[in-house]
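Geometric and topological summary
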Amino acid sequence: MDKKSVMTEAKERCVKFIRLQFTDILGVMKNVAITVEQLEKALDGELMFDGSSIYGFTRIEESDMYLRPDPDTFVVLPWRSQEVGVARLMCDIYNPDGSPFAGCPRLALKHALTKAAELGYNMQVGPELEFFLFKLDENGVPTLQTHDNAGYFDLSPVDFGEQARSEIVITLEQMGFEIEASHHEVAPGQHEIDFKYSDALNTADKIMTFKFVVRTIAQQHGLHATFMPKPVFGINGSGMHVNQSLFKGAQNAFFDPAGEMELSQEAFYYIGGLLKHARAIAAVTNPIVNSYKRLVPGYEAPVYLAWSGSNRSPLIRIPVKRGSSTRVELRNPDPSCNPYLALTACLTAGLDGVKNKIAPPPACDRNIYEMTQAELDELGIDSLPTSLREAYVELGRDAVIREALGAHIFEKLLEAKMKEWDDYRTKVHQWEVDQYLSMF
């Protein structure tokens, strides 16, 4: 798409309003709505907004910032009126002097992709997003009551979310997604929809669009969709496994028919880089206090820094398909993450492995969940951070990942997340009341 084709389609589709969407540092989608009469000015990068109103952007004395829409992201929202259409464009954030804004997550990923291109690589990513559908109370407030008691791969009439999930799939397809699978997940009320892999920037845009669509369609069915990693104790949490590979032109650089496991040396080094930086990466792939309630043993969550071919207990798995589908599956990210920053961190870690020839440890094909601590120590298997604070301590020590995020994003994230951790740390929680009130 270019400016002319966007203008033409907007006219042909009777678009009246355009949502200029962008993602803040914390991974929350923001929106400035304009009328179609302002579309040309927007596409020329002439529309300003108040950046001081967005956490982590600018101070009030320097608030003017510019939105630069990406024409390739133009799409008409299919659930809106066809007579008065509404479309959206994803935007990058620029300073008034025309320079890229250091706090724009989308530009951070673009910068990382440019560095990969300088080495001859482009990153392809396929995510697997899980989410819960909960009922609303009589006031429209989300509850923790699920709409079904179904389990893994169940179908109607047990899976009452099937209708909402089907409509989500249809809507996503109308917006240009190629849906590969959708099904009920392990926990009651939990679902997964997988879409075809694409280049990293396109995939990050699609993850943000996916969450927007899922929540919108769920609301139309009287349900609340949440991407909170662990909303209910005692059942599985929601993850976002990230399948990633490097391509050189049309060739998958991870595939080598003559290599061990049919993997190239680059693939092994990429795995080594991910494992080396995994504890720091967790700060952005698992970015909220609640993320670490999911990352505990016993609920199929990957917490151990190891890798394997078919074994699903380590942090990294290599799915069996080869050729152009050869990929590395990182299993700890969750859907609360900012996808632009998460992919920036993953790509940077993997490329560090490739550039510096970081060999991974031997593959672990045993069930790590059943190992004792002594066995883990003997094999040298470490684990992910157990809290948000611990993850940020690790990120602070990792100059490679910090540099990829940029000083502005790192400092603003650190400020926000330490406030989040301190707020959580100083609150009295129900567990403490139940455990101690009568005892003491």
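A brief structural summary. (Residues numbered from 1 in each chain as written. Predicted model: local features only at pLDDT ≥ 70, side-chain atom pairs only at ≥ 80, totals over all residues. Heavy atoms only, no water.)

Some thoughts on unusual backbone geometry
Formally: Helix and strand assignments follow DSSP, with helices taken as H or I runs no shorter than four residues and strands as E runs no shorter than two, numbered in order from the N terminus.
A positive phi angle is found at M261, which is not glycine, with a value near 60°. Mapped onto the elements, M261 comes out in the loop between β14 (251-252) and α6 (265-285). At K357, a residue that is not glycine, the phi angle is positive and equals roughly 50°. On the secondary structure map, K357 appears in the loop between α8 (339-355) and α9 (373-379).

Side note on the side chain of R279
Threshold: A 1.4 Å probe rolled over the protein chains alone gives each residue an accessible area, and that area as a share of the maximum for its type sets the label: buried under 20%, exposed over 50%, partly exposed in between. Here a polar contact is taken to be a pair of N or O atoms separated by no more than 3.5 Å, where protein atoms must pair a possible hydrogen donor with a possible acceptor and residues adjacent in sequence count only if both atoms sit in side chains. A contact between two residues is defined here by any heavy atoms of the two lying within 4.5 Å.
Tracing the backbone through its elements, the reader meets R279 in helix α6. Residue R279 is classed as buried on the basis of its relative accessible area, which comes to 16%. Of note is the side chain of R279, whose polar atom sits 2.7 Å from the side chain of E390. A distance of 2.9 Å separates the side chain of R279 from the side chain of E394, its partner in a polar contact. With residues up to four places along the chain from it excluded, the contact list for R279 reads L305, D382, S383, L384, P385, E390, A391 and E394.

As for a nonpolar patch on the surface
Definition in use: Two distance rules govern patches: like charges are joined within 9 Å, and nonpolar side chains (Val, Leu, Ile, Met, Phe, Trp, Tyr) within 5 Å, applied only to residues with over 30% relative accessible area and no salt bridge. The method behind every accessible area is Shrake-Rupley, applied with a 1.4 Å probe, and residues are considered shielded solely by the protein chains displayed. Any carboxyl oxygen of Asp or Glu within 4 Å of a side-chain nitrogen of Lys or Arg constitutes a salt bridge here.
Together, W431, Y436, M439 and F440 make up an exposed nonpolar region whose accessible area comes to about 550 Å². Checked against the element boundaries, M439 lands in the segment after α13 (430-436). Of the residues examined, M439 reaches a relative accessible area of 55% and is grouped as exposed.

Observations concerning the side chain of S264
Structurally, the position occupied by S264 is in the loop between β14 and α6. In this structure the side chain of S264 is engaged in a polar contact, spanning 2.6 Å, whose partner is the backbone oxygen of A253.

Description of helix α3 (residues 105-118)
This is how it is decided: Here, expected helix span is obtained from the residue count minus one, scaled by 1.5 Å.
Between its first and last C-alpha, α3 extends 20 Å over 14 residues, near the 20 Å set by a 1.5 Å rise per residue. Taken together, the buried positions of α3 are occupied by P105, R106, L107, A108, L109, A112, L113 and A116. Tucked inside the fold, the buried residues of α3 contact β1 (15-23), β6 (85-94), β7 (122-136), α5 (200-220), α8 and α12 (407-426).

Concerning the nonpolar core
Proteins that are soluble and globular tend to have nonpolar side chains buried together. Defined as follows: Nonpolar cores were defined as sets of buried Ala, Val, Leu, Ile, Met, Phe, Trp, Tyr and Cys residues, with membership established by side-chain atoms within 4.5 Å.
In terms of nonpolar packing, the biggest core is built from 125 residues, with F210, L246 and I316 touching the most fellow members. Looking at this core, the element that brings in the most residues is α6, giving 13 residues. Look past the residues within four positions of F210 in its chain and what remains in contact with it is L129, F131, L172, F177, I193, F195 and F227.

Focus: the packing of α3 against α5
The cut-off we apply is this: Angles shown run from 0 to 180 degrees and are taken between the N-to-C directions of axes, each axis being a line fitted to C-alpha atoms and, for helices, limited to the stretch in contact. In this scheme, roughly parallel covers angles under 35 degrees and roughly antiparallel covers those over 145, while 65 to 115 is roughly perpendicular and the rest are oblique. By the definition used in this description, the sense in which the near helix is turned from the far one sets the handedness, with an anticlockwise turn below a right angle giving left-handed and a clockwise turn giving right-handed. Under the convention adopted here, Pro, Cys and the residues Ala, Val, Leu, Ile, Met, Phe, Trp and Tyr are nonpolar, Asp, Glu, Lys and Arg are charged, and Gly plus all remaining residues are polar.
Running from N to C, α3 and α5 point in directions that differ by 160°, and their axes come no closer than 10 Å. The orientation of α3 with respect to α5, classified from their angle, is roughly antiparallel. α3 and α5 meet at a crossing whose hand is right-handed. Across from R106, L109, K110 and L113 in α3, the residues of α5 making contact are A200, L201, A204 and D205. In terms of residue class, the contact of α3 with α5 is built from five nonpolar, no polar and three charged.

Some words on the packing of helix α10 (residues 388-397) against α12
Following both chains from N to C, one finds α10 and α12 inclined at 155°, their axes separated by 10 Å at the closest point. With respect to α12, the axis of α10 lies roughly antiparallel. In this structure, α10 meets α12 at a crossing whose hand is left-handed. For the pair α10 and α12, the contacting residues are L388, R389, Y392, L395 and G396 in the first and F410, L413, L414, K417, M418, E420 and W421 in the second. Classifying every residue of the contact of α10 with α12 gives eight nonpolar, one polar and three charged.

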